[in-house]
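Structural overview for review
What follows is the residue order along each chain.
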Amino acid sequence: MTRTILPVKLHEQMTVTVDDIRIDGMGIVNITPTYPVYIADAIPGEKIILEVTQVDKFSGYAKVIEYLETSDKRQNSQRQYLIDAGTAPLVNLKYEAQLELKRAQINRLFQAQKLNVAVDTTIGMENPTYYRNKTIVPVKWQDGHLTSGFYRRGSHELVPMTDYFVNDQALDQAIVKVRDILEKYQITAFDPDSQQGAIRYIMIRRGYYSKELMVVLVSNDEIIAHEDAIVADICVQLPELKSLIFNFSPKKDYVLLSPNNRTLWGEKTIHDTLLGYNFIIGPNSFYQVNPKMTEILYDLAAKKAKLKATDIVIDAYSGIGTIGITVANRVKKVLGVEVVPGAVADAQLNMRANHVENAEYILADAPEQFKKWQDAQLKPDVVFVDPPRRGLTSELISATVNMAPDRIVYISCNPVTLARDAAEIIQQGYDIDGAVLPVDQFPQTSHVESITVFKRKH
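Model, not experiment: these values are computed from the prediction. (Residues numbered from 1 in each chain as written. Predicted model: local features only at pLDDT ≥ 70, side-chain atom pairs only at ≥ 80, totals over all residues. Heavy atoms only, no water.)

1. Observations concerning the overall build of the protein
Put simply, the test is: Helix and strand definitions follow DSSP, with helices as H or I runs of at least four residues and strands as E runs of at least two, each counted in order from the N terminus. To get the radius of gyration, use the C-alpha atoms; to get the globule rule, take the number of residues to the power 0.38 and multiply by 2.2 Å. Only protein chains enter the area calculation, which uses a 1.4 Å probe; residues under 20% of their type maximum are buried, those over 50% are exposed, and those in between are partly exposed.
Per the secondary structure count, the protein includes 10 helices and 23 strands. Its C-alpha atoms give the protein a radius of gyration of 24 Å, near enough to 23 Å, the size a compact globule of 458 residues would have. C-alpha extents for the protein along the principal axes are approximately 65 × 60 × 50 Å. Taking all 458 residues of the protein together, the buried fraction comes to 55%.

2. Brief notes about helix 10 (residues 415-427)
Threshold: Expected span of a helix, by definition, is 1.5 Å for each gap between consecutive residues, and there is one gap fewer than residues. A contact between two residues is defined here by any heavy atoms of the two lying within 4.5 Å. Polar contact is the term for a pair of N or O atoms within 3.5 Å; when the atoms are in protein, one must be able to donate a hydrogen and the other to accept it, and sequence-neighboring residues count only if both atoms are side-chain atoms.
Its 13 residues place the ends of helix 10 18 Å apart at the C-alpha level, agreeing with the 18 Å of an ideal helix rising 1.5 Å per residue. Of all the residues in helix 10, the buried ones are Pro 415, Thr 417, Leu 418, Ala 419, Asp 421, Ala 422, Ala 423 and Ile 425. Contacts made by the buried residues of helix 10 are with helix 2 (95-112), helix 9 (394-402), strand 20 (407-412), strand 21 (430-432) and strand 23 (449-456). Its side-chain oxygen at 3.0 Å from the backbone nitrogen of Val 416, Asn 414 defines the N-terminal cap of helix 10. One or two positions beyond helix 10, positive phi appears at Gly 429, with a value near 105°.

3. Quick notes on the packing of aromatic side chains
Note the following rule: To pair, rings of Phe, Tyr and Trp, with the six-membered ring standing in for Trp, must have centres within 6.5 Å; the planes then decide the type, stacked if under 30 degrees apart, edge-to-face if over 60, and tilted in the middle. Two conditions define a charge located above a ring, namely a distance within 6 Å from the ring centre to NZ of Lys or CZ of Arg, and an angle within 35 degrees of the ring normal.
Summed over the entire model, instances satisfying the criterion amount to six aromatic pairs. Ring centres 5.9 Å apart and planes at 80° place the aromatic pair Phe 150 and Tyr 164 in the edge-to-face group. Taken as a pair, Phe 150 in strand 8 (residues 145-151) and Tyr 164 in the loop between strand 9 (158-160) and helix 3 (169-184) lie far apart in primary sequence, 14 residues in all. With a relative accessible area of 23%, Phe 150 lands in the partly exposed category. Residue class for Tyr 164 comes out buried when judged on its relative accessible area of 3%. Cation over ring: Arg 22 sits above Tyr 38, and NZ or CZ is 3.8 Å from the ring centre. Cation over ring: Lys 211 sits above Tyr 208, and NZ or CZ is 5.5 Å from the ring centre.

4. Side note on the nonpolar core
Convention followed: Here, nonpolar core refers to any group of buried Ala, Val, Leu, Ile, Met, Phe, Trp, Tyr and Cys residues whose side-chain atoms link them within 4.5 Å.
Judged by nonpolar contacts, the single largest core of 50 residues is most densely connected at Leu 307, Val 334, Tyr 361, Phe 384 and Val 409. Here the element with the most residues in this core is helix 5 (residues 291-304); it accounts for five residues. Those residues in contact with Leu 307 that sit more than four places away from it in its chain are Ala 302, Val 313, Val 327, Arg 330, Val 331, Val 382, Phe 384 and Arg 407. With 38 residues, the next largest nonpolar core counts Val 137, Met 161, Ala 174 and Ala 189 among its residues.

5. Description of the pattern of salt bridges
The following threshold applies: When a carboxyl oxygen of Asp or Glu is within 4 Å of a side-chain nitrogen of Lys or Arg, the pair counts as a salt bridge.
Within the structure shown, the criterion is met by 26 salt bridges. Between Glu 157 and Arg 152 there is a salt bridge, with its nearest N and O atoms 3.0 Å apart. In this structure, Asp 180 engages Arg 179 in a salt bridge whose closest nitrogen and oxygen atoms are separated by 3.0 Å. Residues joined by salt bridges that share partners form a network here, namely Lys 308, Asp 311, Asp 406, Arg 407 and Lys 455.

6. Brief notes about the sheet that holds strand 7 (residues 134-142)
The following threshold applies: Criterion used throughout: strands pair if DSSP finds at least two bridges between them. Axis definition: a line fitted to C-alpha atoms, over the contacting stretch in the case of helices. Angles run 0 to 180 degrees between N-to-C directions.
Overall, mixed pairing links the seven strands, which are arranged 9-8-7-10-11-12-13 in an open sheet. Where the open sheet ends on each side, the last strands, each with one partner, are strand 9 and strand 13 (261-266). Sheet twist, expressed as the average angle between the axes of neighbouring strands with direction ignored, equals 35°. Pairing between strand 12 (residues 241-248) and strand 13: five bridges, direction antiparallel.

7. Quick word on the packing of helix 8 (residues 366-375) against helix 9
The relative placement of two packed helices comes down to the angle between their axes together with the axis-to-axis distance. Spelled out, the test is: By the definition adopted for this analysis, an angle is roughly parallel if under 35 degrees, roughly antiparallel if over 145, roughly perpendicular if from 65 to 115, and oblique otherwise. Should the near helix be turned counterclockwise from the far one by less than a right angle, the crossing is left-handed, whereas a clockwise turn marks it as right-handed.
Where helix 8 meets helix 9, the axes come as close as 9 Å, and the angle between the chain directions of the two elements is 20°. As judged from the angle between their axes, helix 8 and helix 9 are roughly parallel. The two elements helix 8 and helix 9 cross, and the hand of that crossing is left-handed. Where helix 8 approaches helix 9, its residues Ala 366, Pro 367, Phe 370, Lys 371 and Gln 374 are matched on the opposing element by Glu 395, Leu 396, Ala 399, Thr 400 and Asn 402.

8. Quick notes on the environment of Ile 65
For Ile 65, the location among the structural elements is in strand 6 (residues 60-69). Residues Ile 65 and Glu 100, spaced 35 residues apart in sequence, show a C-alpha to C-alpha distance of 27 Å.

9. Topic: the pairing of strand 7
Strand 7 sits mainly inside the fold: seven of its nine residues count as buried. Sheet topology note: the strand 7/strand 10 (residues 199-206) ladder contains five bridges and is antiparallel. The partner of Thr 135 across the bridge, within strand 10, is Ile 204. Bridge count for strand 7 against strand 8 is four bridges, and the pairing is antiparallel. Bridging from a neighbouring strand, Val 139 pairs with Ser 148 of strand 8. Linking strand 7 to strand 8, which pair antiparallel, is a turn of two residues; within it Asp 143 sits at a positive phi near 55°.

10. Examining the sheet that holds strand 3 (residues 27-32)
In a beta sheet, neighbouring strands pair by backbone hydrogen bonds and run either parallel or antiparallel. Pairing in this open sheet of six strands is mixed, and the strands run 1-5-6-4-3-2 from one edge to the other. Edge positions in the open sheet fall to strand 1 (13-17) and strand 2 (20-21), since each of these has one partner strand only. By the bridge criterion, five bridges tie strand 3 to strand 4 (residues 35-39) in an arrangement that is antiparallel. Residue pairing for strand 4: Thr 32 is matched across the bridge by Tyr 35.

11. Remarks on helix 9
Where helix 9 is concerned, the buried positions are Leu 396, Ile 397, Ala 399, Thr 400 and Val 401. Of the surrounding elements, those touching the buried residues of helix 9 are helix 8, strand 19 (382-385), strand 20, helix 10 and strand 21. Where helix 9 terminates, the next one or two residues include Ala 404, which has phi positive at roughly 55°.

12. What to know about the packing of helix 3 against helix 4 (residues 227-237)
Applicable threshold: Three classes are used, and their members are as follows: Ala, Val, Leu, Ile, Met, Phe, Trp, Tyr, Cys and Pro are nonpolar, Asp, Glu, Lys and Arg are charged, and the others, Gly among them, are polar.
At their nearest, the axes of helix 3 and helix 4 sit 10 Å apart, and the two run at 150° to each other. Here helix 3 lies roughly antiparallel to helix 4, going by the angle between them. As for how helix 3 packs across helix 4, the hand of that crossing is right-handed. Residue-level contacts link Lys 177, Val 178, Ile 181, Leu 182 and Lys 184 of helix 3 to Ile 230, Asp 233, Ile 234 and Gln 237 of helix 4. Here the residues of the contact of helix 3 with helix 4 sort into five nonpolar, one polar and three charged.

Here it is as structure tokens:
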């Protein structure tokens, strides 16, 4: 068997120029046309000395030893710990350059699919820091203390963190207070090496407008010691607290949060408003994490959809009803379909709370429900899709196209799957209507949302 000869060796140092930035925010150096090496905190055009830290047959990883020439797009954020943990990989890239990078990445992915489409300038945030209304943070006993932060890339070492830079600062303060209370009572934390210990994560949600606070203790064990004392201390330390939840989510199930919630104190949910509508948010609810930009995103999606008062609208990933409820007053009827039972129950509550009478939320798998609607001769005018990062399935695309809506509005959080799905939607009789519009929901990170409208060929 012939041995593969790699173009780099482990711990080798070399002087290189950075070629590109990957979709996850890592810099790319093409050692050969087919062998990339990935480096954190490396901007295209920079000349660096790197040291190779990991190799396999297809690619390598490296760290920067020295910057010989830096980019004029670089800024020093004084927050290297965010780079180490990978939570804000673009924090040393000037914000205007972040916005252009995201536009360029969407453009390149469409070109790779041989789709000639215009991509508008990315809509950015006025203040692109401290914006997240939800965080879920691992904890671990390190050096004699219960530590909160994020794991260093590719390791079981927790990078301690008190200023996450992208969270609402009230969330960061709440994490520290809850963590210190758990430390006071010597509560065990899940250790990825021993696979033992109770608390896996502290999750905090906070209403942007309501200021209501939810704390979720995510545990590998079914119970924690000193529960009553911990609850009492958290209530004293967090006067904004409205909901304190215990979530039993054993590591063996490989989910961050399970549906297994127990209310320790207060309400099961908190409330917040979006575009003037009131929404009930539970521990497992999908609710966009950047409230200011979500209002812009949904408003722009509705405008780009060119909604009319006579339109029948389907929302294919309706969640707790955020999109459907916010467009209901512009259209004749909204039909939402969602596969998560708790989300459908929340959507129905949200619909009633907002006195929306022209919407209906159905618990079903979207492709199956689409077939039922088609058999019932339903003719939707607009279908909204806002899928998770894995994008749409071919089954859902076919089911959507078979109902022949005039417009499909695709809100994407992953341009890789968007470009792939766009090629399939176009193949099945649609054109992209206007430009793709990127919206920066996640400043300082490599993620980007975007809105693409597909119009049926007549």
